[in-house]
Structures are given as C-alpha cells and as structure tokens.
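An overview of the molecular structure
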Amino acid sequence: MKIVYTDSLVIGGGLAGLRIAIATKKRGFDTIVLSLVPAKRSHSAAAQGGMQASLGATIKGVGDDEDVHFGDTVKGSDWGCDQAVARMFVNTAPKAIRELSTWGVPWSRVQKGDRQVVVNAEKVTITENDEAHGLITARDFGGTKKWRTCYTADGTGHTMLYAVDNKAIEHEIPVHERKEAIALIHKDNVCYGAVVRDLITGELLAYVAKTTTIATGGYGRIYSVSTNAIICEGIGQAIAMETGVAALGNMEAVQFHPTAIVPVGILTTEGCRGDGGLLRDKDGYRFMPDYEPGKKELASRDVVSRRMTEHIRKGKGVPSRYGDHLWLDITILGKEHIDKNLREVKEICEYFLGIDPVKDYIPVRPTQHYSMGGLRTKPTGESPTLKGLFAAGEAACWDMHGFNRLGGNSVAETVVAGMIVGEYVADFCEENSVNIETGLVETFLKQEEKKIDELIANEGGENVYEIKSAMQKIMMDYVGIFRTGDDLEKAVKGLKELRKRSKNITIKNKIRSSNPELVEAIRVPKMLKLALCVAQGALLRTESRGAHSREDFTARDDKNWLKRTLTYWRNESDEMPEVEYEDLDIMTMEMPPGSRGYGTDNTVHHPDTAKRVAEVEEIKKANPKADRHELQHLLMPYDLPERLRGKNERVGRGFK
Amino acid sequence: MSENIEKGRILKISILRFNPQLKGDKPKMVTYELEEAPGMTIFIALNEIREKFDSSLQFDFVCRAGICGSCGMIINGQPDLACRALTSKYPSGEITLMPLPAFELIGDLSVNTGKFMRAMSERIGSWIHDQAMDEIDLTRLEEKMEPGLADKIYELERCVECGCCISACGTKRMREEFLGAAGFMRIARFHMDPRDKRTDDDIYEIIGDDDGIFGCMSLLGCEDYCPKDLPHQTQIAYLRRKMVNLR
Ligand SMILES: Cc1cc2nc3c(=O)[nH]c(=O)nc-3n(C[C@H](O)[C@H](O)[C@H](O)COP(=O)(O)OP(=O)(O)OC[C@H]3O[C@@H](n4cnc5c(N)ncnc54)[C@H](O)[C@@H]3O)c2cc1C
C-alpha cells in the first residue's frame, strides 16, 4: 500500500489549484498538486478574452471601482449569488491582477493619445489620458458598465497560467501529472485526502493530507457539444458528492456561450463582440438591437444566447448540414486589430473553418460553456459539511456567479479565490493535525481496488462510449438553453436508465495500466450522477433565473425560488440525488433584488425585497457623511484575510 | 437529409502501436480504415478509431483547439498539432502517425512532454527573478510598461510547449542535453522583460555552452515546424550574438 503524506493536497493544476498551492507553500506547508495533464495544459490555458478587475485606467473605464464591478456581478448572477462572496471577489481582483503583473503576465497596456475603436458598429476615436500611459488596459465585455476586462491579446488564459505555473515551479511545488483522484478519504465528516489512480501505470495510491482542495474545473463535457476541453468532466465534483457528506450547489446553472464555431464548438471569445463585432442572421441583418436596444450584442451571455436561439426559431438562422447557425461578423474591426488582438480566433477560423475572419463571417451558435454549479462552500472555500475539504475555481460553488457568470469573471475568480481560499486553507493546516489510522486509508484504497477489479471483470455487455454519448445527447436535447418540464422529465428518465445500464459496462481492453477505456468506465458513472443533478435541479426549479430558462415558467420567482439548490448523493444505491435548498437572505443583501434591465421585467418579488430596499435607503440617509467604503461596510459587512483587506489605488483617483 | 447519404472517401490511417507498460509488447504499424466526414480532424479520426476499432489506443488531447499543445505528433513525417490537422489536407487519404521522438514514450502516440518541459523550466529558471517582488504593495498602481514592449513579450510568450521544435531539432538528436528551441524562446522572453532582474552574465551561466546556445547547428527544424510560428531563428541568433560578445 503506497501512501503519500502532505499538508495541503490540491486536486487540479489549473489557475485555481496552482494559486492555492502557492498560497499554502508560501505559508510553509508541504503542498502537492495532482493533475490529469501537465499543469500548463489545463483548461485555463484556453481562456481567451480576459480577466475582469476594476482598475479604471483606460478612458472607457474611468469611474470604475469595486462598487460598479459588484453591481454588474450581482445583476449578472440574476441575484442568485452570495453577495458577501461577490464583495470579497471585487475587492481582491485588482490585487490579483497586479500580483500577476509582478509574476510576469504581459498585460496589454494603455497607449496615451488618440485611438480608433469600434462601438456600436461605428468607428470612433477615443483619447487615452497621458497619466494612464503604460498601465494595464481593458476591453469591453458583455454585461458590464465599464471597460473592465484586462487581457493579453486573446491569449489571456495562456499567459496567466504560464505565469502562475512558473511561480509554482519557482516555489518547488511538485505537480504529480497524469494522476486522477477517484475517491476522497473521509471519516466522521472530516476529509483526509484522496485515492488516486496513476494514469500511466494504473497503480492506486493514497494521498493523505490535512486539507484537500478540489480545483478540477467545470463539468461541460456532460454535454455533447461544449467549448470546454475534453478533460472537463466534473470528476472532482463527483467524488466530493460521493462522500455522501458534501453537497453540490446550483448544478442546474449551466452557461451557454453565444459564439462557438459550428459544428465543433470551439470558442471565439466574447472579446470579438467586446471589440465591436456584430451578430448577423441569414439575411446579413444585425438583429440584436431589435431584441436588446440597450446593450445589444453586449447584453449578458445568457440573454444573448437566448435571443440568438429565438431568432433561429423564427427561421432566421443560416441553414447548414449541421443545423442552423448565425454569423459573427468581425470584419468591421480590420486586419490590424484582428492580427494583434484576436489572433487565436483568427488561427481557429483558418484551421477549423478554412476562412479568414478579416473578410468572412464566422458561423456560430450558442454552446455549453461554463459550470456555475459545483462543490458548495462557505466564503472561506471550505465545505460546510465536510471539514478539511475546500474547493476553488470553476469546480466550486463559492457562489459569486449565481445563475450566470459574467465573461472575464471566471479566470478572475480562479486567482482571486486562490489568494483568499489559499489563506484559509493554510490557516486550517496551521490549526489541525492529521489523526488518521492507516486502517481507514487501507479500507478506502481496497474499496477502489475492488471497484476496478469488478469493472475489468464485468461481462454485462454495455459499451461505455455508447452510454457516454447517449448521456451527452440527452443533456443537449433536453437540458439546454430553453427548458421545459416535459423535456426535463425525459432527461431524468433517460439518465436513470443509462445509470442502470452503466452498471453493466464491459470493457474490451482488460489491462490495468494506462487504458483509456478503463478511464472512461471509471468516469462515466460519476458523470451520470452529475448529469442527474443538473437535470433534476432544473426540473424542480419552476422559474427562470439567469442561465436557467424555463419556457413553462418564464418569470424569475424570488418569492419561492430565491434559494440555492443543494444536491447530495448519500448512498451509492440511490437512484437519484437528494435535493435540498438553502435560502438566500434578502435582509442581509447589500443590493436587494431588482431588474437586470433586459426585456420585460416580470419578476415575482419576495416580500422582504421592499423591506430591505427601505432599510438600505434608511442606512444611507442616516449616514450622509460616510464614504463609499464606510457605507458598504454598514450595508453588508464581510471578511477577508488580513493581507487582502486594503483599499485599491486607481490612477487619477488615489485610494478613494 | 441528402447530405447524410453522401459517402466520404476511405482514409487509411497507420499508427505506430507500442505499449511499454505491457511486457513483451513490440512496436508495430497498424492501419485502420475509416470513412472521412466533413471537417474531420485527426482528433476526430483517432477518437473514432478508439471507439470503433481498438479501445486500447493511446493519444493525448486536451483543448482540441490548437491552444494547449498536448497533441504534438509526427503526421506523415512532420511534427504538428493533430487536433487542428484536417484530414482533407492529405490528398492521398493515407496518413501515418508516430509519437514525437525525443520524449519518453507513454504508449502509442502519447509522450511525456510535461516531464520534459518542467525540467526545462527548472533548468533555465523560467520565472521572473526579482528579490524585491514579495515586498511590492498590491494595493498600489502596478509598475508601468511601454505598450509596445508588452506586446513584444507576448509574441515570445506564445509557445505552448508542444515539443514539435524539440522533435524537429537536428542538434537535439546528437546532444541529449541540448536545451532546444522551446528553452531558448523562454530565455529570450525573460531576457526581454524588464521585470526579470537577471543580468546577461546570469543568462550566460544558463545557456553559454554547447548544450546551450553555442550547440545550435542552425538546422532550423524548430522554425519550420513551430505550430505557433514563433521567430525561433531570430531569437536564437540574437541570444548567440549577445552571449558571444560577453566573453
Ligand atoms: C474556451 C474557453 C475560453 C474561456 N475564456 C475565458 C475568459 O476569457 N475569461 C474568463 O474569465 N473565463 C474564461 N473561460 C472560463 C475559464 O477559463 C475557466 O473557468 C477557468 O480557467 C477554470 O480554471 P480552474 O483552475 O478552475 O480549472 P481548470 O483550468 O479546468 O483546471 C482543472 C485542473 O484539474 C485537473 N483535474 C481534473 N479532474 C481531476 C482529477 N479527478 N484528478 C486530478 N486532477 C484533476 C486538471 O488536470 C486540471 O489541471 C473560458 C473557458 C473556455 C472553455
């Protein structure tokens, strides 16, 4: 029996995992990172458009600050987020980006003087301030009041991940690559590490640790077409839920990005529209202003994806052998801009579509993109029910995104949560020691060993690839952008059926060492559980909020549904997840529920909303001399690790 | 739908099969035949082969969008990223796939570039070296940088560590410890970055020998096969001139 001991075990070598690892290592704790792939190949590398932080250096960002970023994030979430967490986030994002700047990210910078940009299909000249010259610049993104998304061309995730991984190498943090966590070790509601399979040798190992952090990214690949990397299969979330103790939050909150290319689903960044790109239909007509006269193409992602789908349903899509699509037109931006700021997009168009986006329109369609749901945590990043288990990044439901995350807020979340949660993980390491008998570790190892033996021996006759694609198709067909009770019932029924069949998977290739079919056979039953959480959560939620849009329940219903879905899988023999709910307390919200400003507002309000609105007004009136920071604190106090509490400086404004 | 009836041509894909984990296994070429679909890439073809013909076939893909660098392999004799190689690019319909040489073989088309690249990063100190970094106050404005310089650094930072340059390197074949173009590019990137406080002499310590910049025989396989079109030749020449002038 091979046991590896460490203080801080981090499962996941993307931006979130690596940043947590650096935090704990810096505080002096032995740290190990596990990853399916070399850390620099994690999906974070594929982020293109940028990272939100309210630096306000570009002229189009002047006036931006934490308050504006907070407002956009809460609205974007359709009031589904945890506002205290959103506050922790917006206050730390400027520090995170500045830290990355010292670590080597070559953020694109402000160039003083005149510059031509495209806004609302027109070329306009903007003049950048002299004093901002050389500071980090930003571009426009959907659902934001200011230009706030900082970037390096359209390779932002790449430069961020390389900087953070290089930093981890400097700190001599080992990344155990090609290792897959397949179960968590736990007892009496405390987590002690993970059972891990070596993807080359097939050996099972136990990693025993004071803290275990799940930073395994999203679960997009339960859908057949997704912008996500093919390793984004949600195994981290699944093994946390399989403890029977930890809960997953808001799994039905799944985001569809408006502009992935057809048919393969590779993303073209929101930066295309942020920089002035337009959406057009089969007649070449720009349709978004008809639906959303205010923000047009730059409405929040969930809104644009729905409007595109509506427009296609009206017969305005471009027919193709892969179904109808729409056009993304960035020709208006010109060759120079595309070559410099949208070069990944250009490469993708050239290689996968054989077109030149300088001259040609890009065929696009809304496509699964982001998992708002994940392992439910407290603001410290720790599971409220399983001690010593933390989560960060896309794998977590820390809950700053609620039911729709804003573009650029996700890579920002990874590094911000890394900084914040990393400190809390280190605190936990400081305050606790591992008291665990090897007998327990052995039990968990044996159990996984046995499951794999059974998988290899099983002659039930089911093909794992068939089950997987049937699951992915069900999710596409019935749990997509627009949902109905009928479809969701079909989804749940179909998935339950598949789960039964998955108990009879037969693999043809019976070897224990590196074996891609065995990997699938281990993962697919776990993915089916996640898919059931998504489908069941969506079926029960009889309202529309953010990315969860029910055609049979079109209103946002704060009265009955201002709550977070929690799903548990308490026994392996259960057919379905157990669904519980956690209320969001309006009376503690800094920003009580209101309208997002898209379409007609048919929200069913909660009785507390009016009360809280009045209360907020009163607090404001009673404290006329309070500055914005003091007022914020009066409205909704929140905590941060001490080193992250400071106010952020902005050019021309100081620390105000 | 009439398109569905249309038959694609038959592709013949030959793959070097070898699993070092299996005792007694020997390398052999195996040919698979499958129908080409519109827009098919080698990524799609390999998955189809795995699902339909041989579930033990090993290969690595992650982003499948030409961004993460996982899927370098030798395609008809040339190193390239398999995810974005359209099968329609090969007029004869015959495609031969081999793992990248110069890396530890995991099995079939899967090689351990990760281990190699981590060692490369450790060897050259692939991070910003600045003693004062930890004292920087993150609440204050970041240090300014000329916009043009930031753009230039990004140009050199676009390496995805796919390993194509290492596989295409004639020098590497003769000198096992030769750093290779990915390493030089990384050095050039940090050398250009004013945030990295290493001096020219520090750089000399890392690359000033025959396993470093002086070993390069300028065969330029790196430049020819870099999927990201990085300016390897210019950067290697620049580093060499710089280092020669030092001593
Ligand atoms: C194409 C694309 C473009 C995007 N662009 C942007 C953008 O411009 N701005 C933005 O804010 N967001 C963007 N996003 C979202 C953002 O990139 C991701 O949400 C974010 O990078 C996730 O980071 P992470 O660290 O949480 O996870 P990841 O980077 O996905 O890393 C997960 C890690 O976990 C490991 N892992 C997984 N399972 C296991 C297991 N069982 N055992 C061991 N290791 C495991 C993996 O190997 C990997 O190292 C984009 C997303 C996509 C799909």
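Just so it is clear, the structure is predicted and the values come from calculations on it, not from any experiment.

1. Quick look at the overall build of chain B
Within chain B, the regular secondary structure consists of nine helices and seven strands. Seen along its three principal axes, the alpha-carbon backbone of chain B occupies a region of about 65 × 45 × 30 Å. Within the span of chain B, comprising 247 residues, buried residues form 55% of the whole. When contacts within chain B are restricted to residue pairs at least 6 apart in sequence, those whose partners lie at least 24 apart make up 63%. Roughly 11,000 Å² of accessible area belongs to chain B as shown, and the carbon and sulfur atoms make up 51% of that amount.

2. Digging into the interface of chain A and chain B
Between chain A and chain B, the contact holds 83 residues from the first and 72 residues from the second. Across the chain A to chain B interface the summed buried area is about 6,500 Å²; carbon plus sulfur atoms make up 53%. Broken down residue by residue, the surface that chain A buries against chain B is led by Arg41, Arg321 and Tyr351 of chain A, which jointly contribute 12%. The interface formed by chain A and chain B includes twelve salt bridges. Across the contact surface, chain A and chain B share 39 residue pairs in polar contact (both at pLDDT 80 or more). Taken together, the elements giving at least two residues each to the side of chain A that touches chain B come down to helix H3 (83–102), helix H4 (156–170), strand E7 (175–177), helix H10 (343–353) and helix H15 (516–540) of chain A. With seven residues, H4 of chain A is the largest single contributor of residues to the side of chain A that touches chain B. Of the residues contributing to the side of chain A that touches chain B, the split by class is 34 nonpolar, 24 polar and 25 charged.

3. Section: the domain arrangement of chain B
Residue and element names in this part refer to chain B. Split into domains, chain B comes out as domain 1 (10–111) and domain 2 (125–135 + 142–244). When each unit is reduced to the centre of its C-alpha atoms, the spacing between domain 1 and domain 2 is 29 Å. In this assembly, 14 residues from domain 1 lie in contact with twelve residues from domain 2. Between domain 1 and domain 2 the total buried area reaches about 970 Å² when both faces are included, carbon and sulfur atoms providing 63% of it. Between the two partners, domain 1 and domain 2, sit zero salt bridges.

4. Points about the UniProt feature "active site" (unreviewed entry) in chain A
All names here are of chain A. Per the UniProt annotation, the sites labelled "active site" (unreviewed entry) are Arg301. With respect to the secondary-structure elements, Arg301 resides in helix H8 (residues 301–316). Other than its neighbours up to four places away in sequence, Arg301 contacts Phe141, Gln255, Phe256, His257, Pro258, Glu270, His369, Asn404, Arg405 and Gly407.

5. Side note on the packing of aromatic side chains
Taken as a whole, this structure holds eleven aromatic pairs over all chains when the rule is applied. Taken together, the ring pairs connect Phe43, Phe59 and Phe61 of chain B into an aromatic cluster. Against the face of Tyr581 of chain A rests Lys563 of chain A, its NZ or CZ located 5.5 Å from the ring centre. Directly above the aromatic system of Phe59 of chain B lies the positively charged group of Arg50 of chain B, at a separation of 3.9 Å from the ring centroid.

6. Considerations on the environment of His605 of chain A
All names here are of chain A. Inspection of the secondary structure puts His605 in the loop between strand E22 (578–583) and helix H17 (607–622). Sequence separation between His605 and Lys559 is 46 residues; the distance between their C-alpha atoms is 5.5 Å. Setting aside anything within four residues of it in sequence, one finds His605 in contact with Arg556, Asp558, Lys559, Pro593 and Gly594.

7. Observations regarding the packing of helix H7 (residues 200–207) of chain B against helix H9 (residues 232–246) of chain B
Residue and element names in this part refer to chain B. Two elements in contact, H7 and H9, have axes whose closest approach is 10 Å; the angle formed by their N-to-C orientations is 105 degrees. By the angle class used here, H7 and H9 are roughly perpendicular. Between H7 and H9, the residues in contact are Asp200, Asp201, Ile203, Tyr204 and Ile207 and Leu239, Lys242, Met243 and Leu246, respectively. Taken together, the residues that form the contact of H7 with H9 break down as six nonpolar, no polar and three charged.

8. Describing the sheet that holds strand E18 (residues 396–397) of chain A
All names here are of chain A. Spatial strand order, E18-E16-E11-E21-E22: five strands in an open sheet with mixed pairing. One side of each edge strand has no neighbouring strand; the edge strands of this open sheet are E18 and E22. Sheet analysis places strand E11 (residues 248–249) next to strand E16 (residues 374–376), joined by two bridges and oriented antiparallel. From the neighbouring strand, Leu248 faces E16, where its bridge partner is Leu375.

9. Points about the side chain of Thr603 of chain A
Looking at the element boundaries, Thr603 of chain A is found in the loop between E22 and H17. Contact partners of Thr603 of chain A, with chain neighbours within four places excluded, come to Arg556 and Asp558 of chain A.

10. Side note on the nonpolar core
Residues Met51, Trp398 and Leu495 of chain A are the most contacted members of the largest nonpolar core, which totals 148 residues. For this core, the element with the highest residue contribution is H15 of chain A, accounting for 14 residues. Apart from residues no more than four positions distant in its own chain, Leu495 of chain A is found in contact with Met471, Ile474, Met475, Leu528, Ala531, Leu532 and Ala535 of chain A. Grouped together as the second largest cluster of nonpolar side chains are 37 residues, Val37 and Val118 of chain A together with Ala65 and Ile67 of chain B included.

11. Examining the pattern of salt bridges
All names here are of chain A. Summed over the entire model, instances satisfying the criterion amount to 98 salt bridges over all chains. Among the ionic pairs, Asp453 bridges to Arg512, the shortest N-O distance being 2.1 Å. Pair noted here: Asp453 is in helix H12 (residues 438–457) and Arg512 is in the loop between helix H14 (485–502) and H15, with a separation of 59 residues, a long-range link. Note on Arg512: relative accessible area 37%, which makes it partly exposed.

12. A short note on the pairing of strand E15 (residues 362–371) of chain A
A regular strand places its side chains on the two faces of the sheet in alternate fashion. All names here are of chain A. Within E15, nine of the ten residues are buried, leaving the element largely enclosed by the surrounding structure. Taken together, the six bridges between strand E12 (residues 254–261) and E15 define a ladder with antiparallel strand orientation. Paired with Phe256 across the strands is Gln368, a residue of E15. Where strand E14 (residues 326–329) lies against E15, three bridges are found, and the strand directions are antiparallel. Across the sheet, the residue bridging to Trp327 is Pro363, located in E15.

13. A look at the site of the ligand
Residues and elements named next belong to chain A. Taken together, 38 residues surround the ligand, and among them Ser42, His43, Ser44, Glu394 and Ser410 come closest. The contact in question runs from an oxygen atom of the ligand to an N or O atom on the side chain of Glu394, over 2.6 Å. In the environment of the ligand, an oxygen atom lies 2.7 Å from a nitrogen or oxygen atom belonging to the backbone of Val411. Counting residues per element, the ones that place at least two in the shell around the ligand are helix H1 (15–26), strand E2 (31–35), strand E8 (179–187), E15 and helix H11 (409–431). Broken down by element, the residue count for the shell around the ligand peaks at four residues, all from H11. Residues of the shell around the ligand, tallied by class, amount to 14 nonpolar, 20 polar and four charged.

14. Quick notes on the sheet that holds E14 of chain A
Residues and elements named next belong to chain A. Here four strands make up an open sheet; going across it, the order is E12-E15-E14-E13 and the pairing antiparallel. In this open sheet, the two edge strands, each paired with only one partner strand, are E12 and strand E13 (278–280). Averaged over all pairs of adjacent strands, the angle between strand axes in this sheet comes to 45 degrees, irrespective of strand direction.

15. Quick word on H3 of chain A
All names here are of chain A. Here H3 is 20 residues long and its end C-alpha atoms lie 29 Å apart, about the 28 Å a rise of 1.5 Å per residue gives. Taking the largest bend as the criterion, H3 deviates by roughly 40 degrees, centred on Thr92, and proline Pro94 comes between one and four positions later. The element H3 is largely enclosed, with a buried count of 20 among its 20 residues. Structurally, the start of H3 carries an N-cap: the backbone nitrogen of Ala84 is 3.0 Å from a side-chain oxygen of Asp82. A positive backbone phi angle near 115 degrees is found at Gly104, which sits one or two residues after H3.

16. Let's talk about the side chain of Asp65 of chain A
Residues and elements named next belong to chain A. Of note, Asp65 is situated in the loop between strand E3 (51–52) and helix H2 (66–76). Here the side chain of Asp65 touches Asp67 through a polar contact of 2.9 Å, landing on its backbone nitrogen. Discounting residues that sit within four places of it in the chain, Asp65 has contacts with Ser54, Arg628, Arg650 and Arg653.

17. Overview of H14 of chain A
Residue and element names in this part refer to chain A. Its 18 residues place the ends of H14 25 Å apart at the C-alpha level, agreeing with the 26 Å of an ideal helix rising 1.5 Å per residue. Of the positions making up H14, those classed as buried are Gly485, Leu488, Ala491, Val492, Gly494, Leu495, Leu498, Arg499 and Ser502. Contacts made by the buried residues of H14 are with helix H13 (464–478), strand E19 (482–483), H15 and strand E20 (549–550).

Here is what the cut-offs are and how they apply
- Residues numbered from 1 in each chain as written.
- Chains lettered and ligands numbered in written order.
- Predicted model: local features only at pLDDT ≥ 70, side-chain atom pairs only at ≥ 80, totals over all residues.
- Heavy atoms only, no water.
- Helix = DSSP H or I, 4+ residues; strand = E, 2+ residues; numbered from the N terminus.
- Buried < 20%, exposed > 50% of the residue type's maximum accessible area, 1.4 Å probe, protein only.
- Contact = heavy atoms within 4.5 Å.
- Areas by Shrake-Rupley, 256 points an atom, 1.4 Å probe, with all protein chains shown as cover.
- Buried area = accessible area lost by both parts, 1.4 Å probe.
- Salt bridge = Lys/Arg side-chain N within 4 Å of Asp/Glu carboxyl O.
- Polar contact = N/O pair within 3.5 Å; in protein donor to acceptor, adjacent residues only side chain to side chain.
- Nonpolar A, V, L, I, M, F, W, Y, C, P; charged D, E, K, R; others polar.
- Domains from an automatic or database assignment.
- UniProt positions renumbered as here; feature names shortened; annotations may be inferred.
- Phe/Tyr/Trp six-rings, centres within 6.5 Å; stacked < 30°, edge-to-face > 60°.
- Lys NZ or Arg CZ within 6 Å of the ring centre and 35° of its normal.
- Axes fitted to C-alpha atoms, helices over the stretch in contact; angles between N-to-C directions.
- Parallel < 35°, antiparallel > 145°, perpendicular 65-115°, else oblique.
- Pairing = 2+ DSSP bridges.
- Core = buried A, V, L, I, M, F, W, Y, C linked by side-chain atoms within 4.5 Å.
- Near = heavy atom within 4 Å.
- Expected span 1.5 Å × (residues − 1).
- Bend = angle between axes of the 7 residues up to and from the residue.

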